[in-house]
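Topology and contacts: notes
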Amino acid sequence: MQVLTLTFTVLFCAKFCFSLKEIDLNGQWTVSNSNMSIVIPGVVPGSMYTALMANKTISDPYYRKNDALYRWIGRDDWTYSRSFNVSADMLQYTAITLVCDGLDTISTVVVNNKIVGTSDNMFVRYVYDIKPALVAGANSIAVKFRSAPKYVEEQAKKREYPIFPLCVPPEYHGECGANLIRKTQCSFSWDWGPSFPTQGIWRDIYIQGYNSLVIRDITSETTKNKDGSWLLKVDIFTDVFLAARVNGHMEVKLANTSVSQTTPVTLTSDKNMVSMNISIPKSEMIREWWPNGYGEQNLYDLFVFFTDTFGTMNNKKIRIGFRTVEIVQDYVSVNKSLGRTFYFRINGQAIFLKGSNWIPADAFLDRVTRDRVYNYLKSAADVHMNTMRVWGGGIYEFDMFYDIADELGIMIWQDFMFACAMYPTDDQFLSSVSAEVRYQVRRLKHHPSLIALSGNNENEKALRQDWYGTDVNFTRYKNDYLKLYKDTVYAIVSQEDTSRPFLSSSPSNGVESQLEGWVAKQPWSTYYGDIHEYNYLVPFFDPSQYRIPRMSSEFGLQSFPSYETLESVFGADDMDYWSDLNDYRNHHPFGNVEMMAEAIQYVRLPNNRDRKQRFKDLIYITQIDHAVGMKVQTEHYRRWQNQLDNKGQGNTMGALYWMLADIWQAPTWASIEYGGKWKMLHYFAKDFFAPTLISPYKDGNDVNVFIVIDELSVKEVRHPVHHTLQFQAKYNPRPFNLYDTTTWDDNHVSASNQINLYNKDDFSGSLYIEMYSWDRFQMLYSWKIPFTLINTAQSVFRHDISDMISTAGCVRSKRCFLFFHLGDPVSGPTNFLPLSQFTDAEGLTNATIQISDVMATTTNNVFTVTLTTDAIAPFVWIDAYKVKGRFSDNGFLMLHKTRTLTFYAWETIDVATLKAALSVKSLMNVYH
């Protein structure tokens, strides 16, 4: 009997115990519009726009006003269709499903003329049972999409009351009703991007055949015990065929360790999740994952294997990191009205969040390559960023985005995809949102870079401040807000992921918003949570213009991208600052006027009579203002990281400027242009986000100089970035030494109540302050200031400016500036402070700056470029026209007669090509 049973099992497995089998449906499809007047090939993943481009039916949608010219495309219905073959063996599988990782957005899926499913959410993975529709041999599939703008027009008519806003501002040149569909909100346009409401299969699509089950998702949580050991929780989510009851063993293995665990399981379609808690002994020597600048980004492959009783195996792999994350939101005083702290601790260490905000890298998502994402995130890491906030009006990014963030140590603050609007709360909409949240949390949870989940972008603030007319019935819209974010999004996150903080909104008052019923009275308060801060037309160079928050997760100014970047999408007549196209292209109302109004506060406007050159010069001026404004505001935030003012404001622990990279070629807030070219701001970020920062500013009649060192770890101590700092004591990493409330009373803030990362007398050195006159290279006077840092941000020098001017023998403040360094004025941290604005600076001359030498180094595509000047030159800008790459520095003050830079090419070039592409200018070169 045993022999017969064994023989039957062997024969059964020979026929049925195949591993999971897949048919990849990516690749060539046919794309057609509603009346079949257009029938063209199209590639999946893709959209109808990129199919039309590839077929040369349309030209570049980014060219001039093509977004308006091609509006008809988004208002038509498009169908994707193709044929595929299914073998007789494939049909033997118990379950055959069609897996659609991304359908954009409203669609009906038809296999062999049979409807197998529908979609209404771009952010959900759909799995359809298609076995009843299949035949052996040739099969057909069609995904019939509906126009998103026309769909939301229909939805709007069905609403019992309006879901605000009804439409975007006219300056956006967009479509209405993005908030009525679960789709990329900015695809209907935004103030920095165009309206291209795509349709298509935007992520992978494939068929799976299996007999018992398929492992669909794996999530992980890492918890560190007090003894230094780790607890690893792994949840495995499977799809089990409806009629099946599957027995077997689930095994988890952690690569390059001895960690493994196996457990017997019985799974059904209803009970299809396995949870395993694995205790990892301290002897295993698990290496932690750290943010950029604080340590190594150690990652581990985690394998999950399922084997059923017939020997059929199914497996899946994820990559994880071991780290802990928390937001500390303690009262800063026994006087609770002074608010709470708001900062992140990673692995027990307080981290100042330095970074930016991420929007989709392209309106056409299939054009976003790994190379482009890597270039953008590596550019962020190269300027010392450690955080990126994924903004809630775009997409939950591709897997590659989070993989790269894991590798580079870029922490991700992830918004759910709701932005600047109220949203429906009918059963159908909430059901779709529920599936979205559950899927996305399971997809992303294992990434160590993911440090926080946020319910939405600005919707709490929008509701409270009545941005869209919700005060007509505030109670109704507040109830909708609670139903969506508290009762749906947060409820599901609480079930799926308790391993990282959840924030109700951004900005919000953090936990205080929740305590106030999820809609705080002032969700923009500087005493709680994070703020979004935009100050147009104020003197951007004056730090007193900026509030003192616990964290600033959005702030920004605009600038133009380079002439080179605009050339590909502008016509010759458009190349004027005040051209019709430039007005059309800037979706921020009066944005171009604002930039000029800001500029004239700081510099004189260019006056070249040549229209083309004057436009180039104005672009350069907007980038100066942009860079200086973000520098001043960011340094302001960093200076306040461990001090409080007499009102209890301060302990600012994050600065994430708006925004990192452009979605198209236009004047925006971005520091990286569409295509990857760095604006001046991005070069400035290298200094204002540097691990060691010298930060001088005018404080009344005084100059006040701070030194900030907020990025230290074992790695940094072994390899100090700036060798002029002398280590006076052995580094001893520890968590924040948080507030001692015994030093407070109900009415006063104690100066000793500060955030301290390090022991007293940890670091000391000397600050060098030098005064120069704009008209000569020779220094007028210097001061050497010994200092000892007790805190990570500390004032080390404060003195009356008039007295310093008199001591140095400067004729008057308009003629002079101060230069700061720590003993190395070339490669060490430096800064400079003009003693007047450049509108009335005296002594500056039209410097002749020349490129004296270009040489290849021993490293491929790395070159040195030497500059010479005959006068001091501020904001020196060197450009490599149509050569992809970046310089080691740019937009700098040239204080000496020569300066050698490094150019890192992102493509293979030779010296001659680079040399021919180079040009250089400084501020005074734009005046004639």
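For the structure itself, look to the data block above.
This write-up is about the structure you can find in this document. (Residues numbered from 1 in each chain as written. Predicted model: local features only at pLDDT ≥ 70, side-chain atom pairs only at ≥ 80, totals over all residues. Heavy atoms only, no water.)

As for the overall build of the protein chain
Summing up its helical and strand segments, the protein chain has 19 helices and 47 strands in all. For 928 residues, the compact-globule estimate of 2.2 N^0.38 gives 30 Å, and the C-alpha radius of gyration of the protein chain, at 30 Å, lies within 12% of that figure. In terms of overall dimensions, the protein chain has C-alpha extents of about 105 × 65 × 65 Å along its principal axes. A burial count over the protein chain gives 62% of its 928 residues as buried. Put simply, 71% of the contacts in the protein chain that link residues at least 6 apart link residues at least 24 apart. In the structure as shown, the protein chain presents an accessible area of about 34,900 Å², 50% of it carried by carbon and sulfur atoms. The distance from the centre of the 89 positive side-chain charges to the centre of the 99 negative ones in the protein chain is 2 Å. (Helix = DSSP H or I, 4+ residues; strand = E, 2+ residues; numbered from the N terminus. Rg over C-alpha atoms; globule rule 2.2 N^0.38 Å. Buried < 20%, exposed > 50% of the residue type's maximum accessible area, 1.4 Å probe, protein only. Contact = heavy atoms within 4.5 Å. Areas by Shrake-Rupley, 256 points an atom, 1.4 Å probe, with all protein chains shown as cover. Lys, Arg positive; Asp, Glu negative; His and termini not counted. Charge placed at Lys NZ, Arg CZ, Asp CG, Glu CD.)

Some words on the packing of aromatic side chains
Here the structure, examined in full by the defined rule, presents 59 aromatic pairs. A ring pair is formed by Trp230 and Phe322, whose centres lie 5.4 Å apart and whose planes are at 70°; its orientation type is edge-to-face. Linking Trp230 in strand β16 (residues 230-240) with Phe322 in the loop between β21 (313-320) and β22 (325-328), this pair joins segments that are 92 residues apart in sequence. Consider the rings of Phe817 and Phe832, whose centres lie 6.3 Å apart with planes at 85°: the pair is edge-to-face. Taken together, the positions of Phe817 in strand β39 (residues 816-821) and Phe832 in strand β40 (residues 830-834) put the pair 15 residues apart, joining distant regions of the chain. We note that Phe817, like Phe832, is buried. Three or more aromatic residues link up through ring pairs in this structure, and these residues are Phe540, Phe541, Tyr602, Tyr772, Trp774, Phe817, Phe832, Phe838 and Phe875. (Phe/Tyr/Trp six-rings, centres within 6.5 Å; stacked < 30°, edge-to-face > 60°.)

Observations regarding the sheet that holds strand β1 (residues 21-24)
Strands pair in a sheet through their backbones, by hydrogen bonds, and they do so in one of two ways: parallel or antiparallel. Read across the open sheet, the 4 strands follow the order β1-β14-β5-β9; overall the sheet is antiparallel. Two strands in the sheet have a free side with no partner beyond their single neighbour: β1 and β9 (126-129). Between one strand axis and the next, the sheet turns through 25° on average, direction left out of account. For β1 and strand β14 (residues 205-210), the ladder comprises 4 bridges, and the chain directions are antiparallel. The residue of β14 that forms the bridge with Glu22 is Gln208. (Pairing = 2+ DSSP bridges. Axes fitted to C-alpha atoms, helices over the stretch in contact; angles between N-to-C directions.)

As for the environment of Trp906
By the element assignment, Trp906 lies in the loop between β46 (898-905) and α19 (911-917). Note on Trp906: relative accessible area 33%, which makes it partly exposed. Distance in space between the C-alpha atoms of Trp906 and Thr94 is 50 Å, their sequence separation being 812 residues. When near neighbours in sequence (up to four residues on either side) are disregarded, Trp906 contacts Asn375, Ser379, Gly676, Trp678, Lys884, Gly885 and Arg886.

Some words on the pattern of salt bridges
Summed over the entire model, instances satisfying the criterion amount to 49 salt bridges. In this structure, the salt-bridge partner of Glu175 is Arg71, at a minimum N-O distance of 2.7 Å. Note that Glu175 is positioned in the loop between α5 (148-158) and β11 (188-190) and Arg71 in helix α4 (residues 71-74), a separation of 104 residues in sequence. You can call Arg71 partly exposed: its relative accessible area is 43%. A salt bridge links Asp399 to Arg203; its shortest N-O distance comes to 3.8 Å. Of this pair, Asp399 sits in helix α7 (residues 399-408) while Arg203 sits in the loop between β13 (200-201) and β14, and the two are 196 residues apart along the sequence. What you see here is one network of salt bridges that share partners, running through Asp775, Arg776, Arg812, Arg815 and Glu842. (Salt bridge = Lys/Arg side-chain N within 4 Å of Asp/Glu carboxyl O.)

Quick look at the packing of helix α14 (residues 591-599) against helix α15 (residues 611-639)
The geometry of a pair of packed helices is captured by two quantities: the angle between their axes and the separation between those axes. Running from N to C, α14 and α15 cross one another at 70°; their axes reach a closest spacing of 10 Å. Judged by the angle between their axes, α14 and α15 are roughly perpendicular. Touching Met595, Met596, Glu598 and Ala599 of α14 are Leu618, Ile621, Thr622 and Asp625, all from α15. Residue composition of the contact of α14 with α15, by class: 5 nonpolar, 1 polar and 2 charged. (Parallel < 35°, antiparallel > 145°, perpendicular 65-115°, else oblique. Nonpolar A, V, L, I, M, F, W, Y, C, P; charged D, E, K, R; others polar.)

Quick look at the nonpolar core
Leu98, Trp192, Phe416, Phe875 and Phe903 are the most contacted members of the largest nonpolar core, which totals 210 residues. By residue number, the principal contributor to this core is α15, which donates 11 residues. Apart from residues no more than four positions distant in its own chain, Trp192 is found in contact with Cys186, Ile359, Trp391, His587, Trp658, Met659, Ile663, Trp664, Thr668 and Trp669. Ile215, Val252, Ile278 and Leu302 belong to the second-largest nonpolar core, a separate cluster that totals 28 residues. (Core = buried A, V, L, I, M, F, W, Y, C linked by side-chain atoms within 4.5 Å.)

Let's talk about the sheet that holds β46
The 4 strands lie next to each other as β41-β42-β46-β44, forming an open sheet whose pairing is antiparallel. Bordering the open sheet on either side are β41 (849-856) and β44 (885-887), each of which pairs with just one other strand. Averaged over all neighbouring strand pairs, the angle between strand axes comes to 25°, with direction disregarded. Pairing geometry for β41 and strand β42 (residues 862-869), over 7 bridges, is antiparallel. Pairing of Asp853 across the sheet is with Thr866, part of β42.

A closer look at unusual backbone geometry
Cis geometry marks the peptide bond from Asp104 to Thr105, where omega comes out at -5°. Tracing the backbone through its elements, the reader meets Thr105 in the loop between β6 (103-104) and β7 (107-111). Of note in this structure, Leu537 is not a glycine but carries a positive phi near 75°. For Leu537, the position within the fold is in the loop between β30 (531-533) and β31 (552-555). Under the relative-accessibility criterion, Leu537 is labelled partly exposed at 45%. Of note in this structure, Asn861 is not a glycine but carries a positive phi near 60°. Mapping Asn861 onto the fold places it in the loop between β41 and β42.

So, the packing of helix α8 (residues 427-444) against helix α10 (residues 474-496)
Packing of α8 against α10 brings their axes to within 10 Å, and their N-to-C directions diverge by 35°. Our pair here, α8 against α10, has a crossing hand that is right-handed. Where α8 abuts α10, its residues Leu430, Val433, Ser434, Val437, Arg438, Val441 and Arg442 lie against Lys483, Leu484, Thr488, Val489, Ile492, Val493, Gln495 and Glu496. For the contact of α8 with α10, the class distribution of residues is 8 nonpolar, 3 polar and 4 charged. (Left-handed = near helix turned anticlockwise from the far one by under 90°.)

What about α8?
The end-to-end C-alpha separation of α8 is 26 Å, in line with the 26 Å expected for 18 residues at 1.5 Å each. Along α8, the residues classified as buried are Phe429, Leu430, Ser432, Val433, Glu436, Val437, Tyr439, Gln440, Val441, Arg442, Arg443 and Leu444. Elements that come into contact with the buried residues of α8 comprise β15 (213-224), β16, α7, β27 (411-415), β28 (450-454) and α10. The opening residue of α8 is Asp426, an N-cap whose side-chain oxygen sits 3.2 Å from the backbone nitrogen of Gln428. (Expected span 1.5 Å × (residues − 1). Polar contact = N/O pair within 3.5 Å; in protein donor to acceptor, adjacent residues only side chain to side chain.)

Some remarks on a nonpolar patch on the surface
Together, Trp578, Phe590 and Val593 give the surface a local cluster of nonpolar side chains, amounting to about 390 Å² of exposed area. A residue is classified by how much of its surface remains accessible, and Phe590, at 64% relative accessible area, is exposed. (Patch = residues over 30% accessible without salt bridge, like charges linked within 9 Å, V, L, I, M, F, W, Y side chains within 5 Å.)

Looking at the side chain of Asn582
If you trace the backbone, Asn582 turns up in helix α13 (residues 580-585). With near-sequence residues (within four places) excluded, Asn582 lies in contact with Phe560, Phe570, Asp574, Asp576, Tyr577, Asn592 and Phe615.

Topic: the state of the cysteines
Covalently bonding the sulfur atom of one cysteine to the sulfur atom of another cysteine gives a disulfide. Here the structure, examined in full by the defined rule, presents 2 disulfides. What pairs with Cys167 in a disulfide is Cys176, and their sulfur atoms sit 1.9 Å apart. When the S-S torsion is -70°, as for the bridge of Cys167 with Cys176, the disulfide is left-handed. Residue Cys167 is classed as partly exposed on the basis of its relative accessible area, which comes to 34%. Sequence-ordered numbering of the bonded cysteines in the protein chain gives a pairing of 1-2, 3-4. No disulfide involves Cys186; its sulfur sits 11 Å from the nearest other cysteine sulfur, which is in Cys420. (Disulfide = S-S within 2.5 Å.)

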